[in-house]
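Report on the structure
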Amino acid sequence: MDIAGKKLIIKALMEEKVDTVFAYPGGMIVDIMDELYKQEKLHVVLARHEQALVHEAEGYARATGKPGVCLVTSGPGATNTITAIADAHYDSVPLVVLTGQVPQGLIGNDAFQEVDIVGMTRSVTKYSVTVRDRKELGRILKMAFEIATTGKPGPVIIDIPKDIQTMDGPAEYPGSVTIRGYQLKRAFKLLSSAKQPMILAGGGVKISGAEKELLAFAESMQIPVVTTIMGKGTMPEDHKLYVGNSGMHGRYAANMAVMECDVLFSIGTRFNDRITGDLNEFAPKAKIIHVDVETASISRNVVVDIPVVSDAKLALQKLSEWAKPMHTAEWLKKIDAWEKKNPLSMREGKGVCPQKVMEAINEVFPKSIVVTDVGQHQMWATQYIKTGKDSKFITSGGLGTMGFGFPAAVGAAIGAPKKDVVCITGDGGFQMVCQGAEVVICVMNNQYLGMVRQMQQLFYGKRYSMVSLRKQHGFKDAGKDVTSVIGEYVPDFVKLADVYDIKGIRVESNDEILPALKEAKKVKGKPTIVEFMIPPEELVLPMVKGGNPMSEMILK
């Protein structure tokens, strides 16, 4: 028996075991909304803006391992999702975004709220299509979930005209599987011959759920491991083989190890510029093996010696069958000497020390989901937040989207309601998207757009243009101390918390950090804002200037 398209959409969600839909209403999805109203198994989360909605779905997907499902209307509803979809694309987050569209007879006529969302997002989605035939709706929906979640995960857009939603057609929802095989012998032979081998683990290891396999392989071979920011958490941070994050703000020892290794086994990373710096100087002494599920990612940025197209988990499982201990004791001693020479630490001065905030979060929330926004606070979090088997670390890596943090934390809290969720954000990013759930929001308030201000201080003669949040229209203040800037800071985050009927706590000294976080942890059923007053001149170090070799680290 035929059914309406809107009913098949709901059937598809049920067949895919979707439990949560992040949605915002509009005229071109009202029929789907009406169908959602008639059933009780799907939890519909009503956001306050479509960009935040997709960030919430990202947080949910990263916290649960399931695809985030979004529903928005046509026109501005669809276009408001683009930044967050691009964010998901760069960080390989599985999303199925259903957009409403004007009836097919109006497409191309500049109808009210008509946009070509498929054309606009083709470069930042794995699959993007407008449904033109009601008979194809079921197949296309099935493809959407398979494409979003298999291989290298990512966002998919299915644009559904209003007449397709109401038109009768086949009730069947198909199913299919994809099986692939891989070959790794050549890569293993090269790795086994190395004197100073390194493993570089990226976000693909997390996406594949291959953390245990990575640990087992590294231990079996006795090979040290560094991670990208997106790969943070793939190795226990207290493990003797884990060196730390590498890249622009990576540990000194991690960057030196990449520069000096003779074979670099990279898995699940795109080799973006934040990791490589000057491409001509990246891992200059190494033969490079690159394992990635996406063929197009291999040798796109760094030309590699042995390419392996494979899912990270399958590759590591196979490699572990051949693994045997290598003689790396002297190599590990050399890496340890680099760490002792320049350990990762921050000086303590006036105001709140960011390192101490992160360490206190580790103490008070040891088994939590930590979500960051984008900026200096993000880098401090990647440096000092500890991750383990009972915790998760979620951040915007590839696109670096300010405003990501809090809505992603909301989505994570919805996806994992029994976990503590801590959002580490900045005073700039937090003001972009303020919405609510049971989340501890740690606002690192340095009264500046700190990451850009840091670049201006180090590389632009202290010409602080448009980075002070104390003034509405930016300013020019060449050569002056940032602490000399005057003017009232808006908003007062403690008062803002009061307006939303939630708890707000301000921390102005290191002694107040732990008591504030412990107090925040006691609050249930609604968010808590903890504002940490960070000195505006605080820097994230080490740092490598964009485009320079990773050996040229600014340490102090």
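Conventions we followed
Residues numbered from 1 in each chain as written. Predicted model: local features only at pLDDT ≥ 70, side-chain atom pairs only at ≥ 80, totals over all residues. Heavy atoms only, no water. Core = buried A, V, L, I, M, F, W, Y, C linked by side-chain atoms within 4.5 Å. Buried < 20%, exposed > 50% of the residue type's maximum accessible area, 1.4 Å probe, protein only. Helix = DSSP H or I, 4+ residues; strand = E, 2+ residues; numbered from the N terminus. Contact = heavy atoms within 4.5 Å. Expected span 1.5 Å × (residues − 1). Arc of directions from axis to C-beta. pLDDT = per-residue confidence, 0-100. Pairing = 2+ DSSP bridges. Axes fitted to C-alpha atoms, helices over the stretch in contact; angles between N-to-C directions. Right-handed = clockwise from strand over helix to strand, strands pointing away. Parallel < 35°, antiparallel > 145°, perpendicular 65-115°, else oblique. Left-handed = near helix turned anticlockwise from the far one by under 90°. Nonpolar A, V, L, I, M, F, W, Y, C, P; charged D, E, K, R; others polar.

**Remarks on the nonpolar core**
If you look at the biggest cluster of nonpolar residues, it comprises 33 residues, and the most contacted ones within it are M358, I361, I424, L517 and F532. The set of elements that each furnish at least two residues to this core consists of α16 (354-364), α17 (376-384), β17 (420-426), β18 (440-445), β19 (503-507), α22 (513-522) and β20 (528-533). Leaving out residues up to four positions away in the same chain, L517 has contacts with V357, A360, I361, V364, F365, C442 and F532.

**So, helix α15 (residues 329-341)**
The terminal C-alpha atoms of α15 lie 18 Å apart, and with 13 residues this matches the ideal 18 Å at 1.5 Å per residue to within 8%. Among all positions in α15, only W331, I335, W338 and E339 are buried. Each buried residue of α15 sits inside an arc of 100 degrees when the element is viewed along its axis, so together they form one side. Exposed positions of α15 whose direction lies more than 90 degrees from the buried face are E330, K333, K340 and K341. Contact partners of the buried residues in α15: β9 (197-201), β11 (242-245) and α12 (252-260).

**Looking at the environment of I207**
By the secondary structure assignment, I207 is in helix α10 (residues 203-208). Each C-alpha atom of the pair I207 and S193 lies 29 Å from the other, and the pair is 14 residues apart in sequence. Excluding residues that lie within four positions of it along the chain, I207 makes contacts with D91, S92 and P153.

**Here we look at the confidence of the model for the protein chain**
Averaged over the protein chain, the pLDDT score is 90; the fraction of residues at 70 or greater is 95%. Every residue in residues 177-182 is under pLDDT 50, and counting partners more than four places away or in other chains gives nine contacts.

**Topic: the sheet that holds strand β10 (residues 225-227)**
Strands sit in the order β11-β10-β9-β12-β13-β14 across an open sheet of six strands; the sheet is parallel. Taken across any chain shown, the strands that pair with only one partner, and hence form the sheet edges, are β11 and β14 (306-309). With strand direction ignored, the average angle separating the axes of adjacent strands in the sheet is 15 degrees. Summarising the sheet, strand β13 (residues 287-292) and β14 pair through four bridges and their orientation is parallel. Its bridge partner being in β14, I289 is matched across the sheet by I306.

**Observations regarding the pairing of strand β15 (residues 368-372)**
Within β15, five of the five residues are buried, which leaves it mostly tucked inside the rest of the structure. Residues S368, V370 and T372 point to one face of β15 and I369 and V371 to the other, with burial holding for every one of them. Pairing between β15 and β17: five bridges, direction parallel. Looking at the pairing, S368 lines up with D420 of β17. In the sheet, β15 pairs with strand β16 (residues 392-394) via three bridges, with the strands oriented parallel. Directly across from V371, in β16, lies its bridge partner I394. Crossover connection from β15 via α17 to parallel β16: handedness right-handed.

**Digging into the packing of helix α1 (residues 5-15) against helix α2 (residues 30-37)**
Interhelical geometry of α1 versus α2 gives an angle of 55 degrees and a closest axis separation of 9 Å. In terms of axis orientation, α1 runs oblique to α2. The handedness of the crossing between α1 and α2 comes out as right-handed. Between α1, through K6, K7, I9 and I10, and α2, the contact on the second element is made entirely by D31, I32, D34, E35 and L36. Of the residues belonging to the contact of α1 with α2, the class tally is four nonpolar, no polar and five charged.

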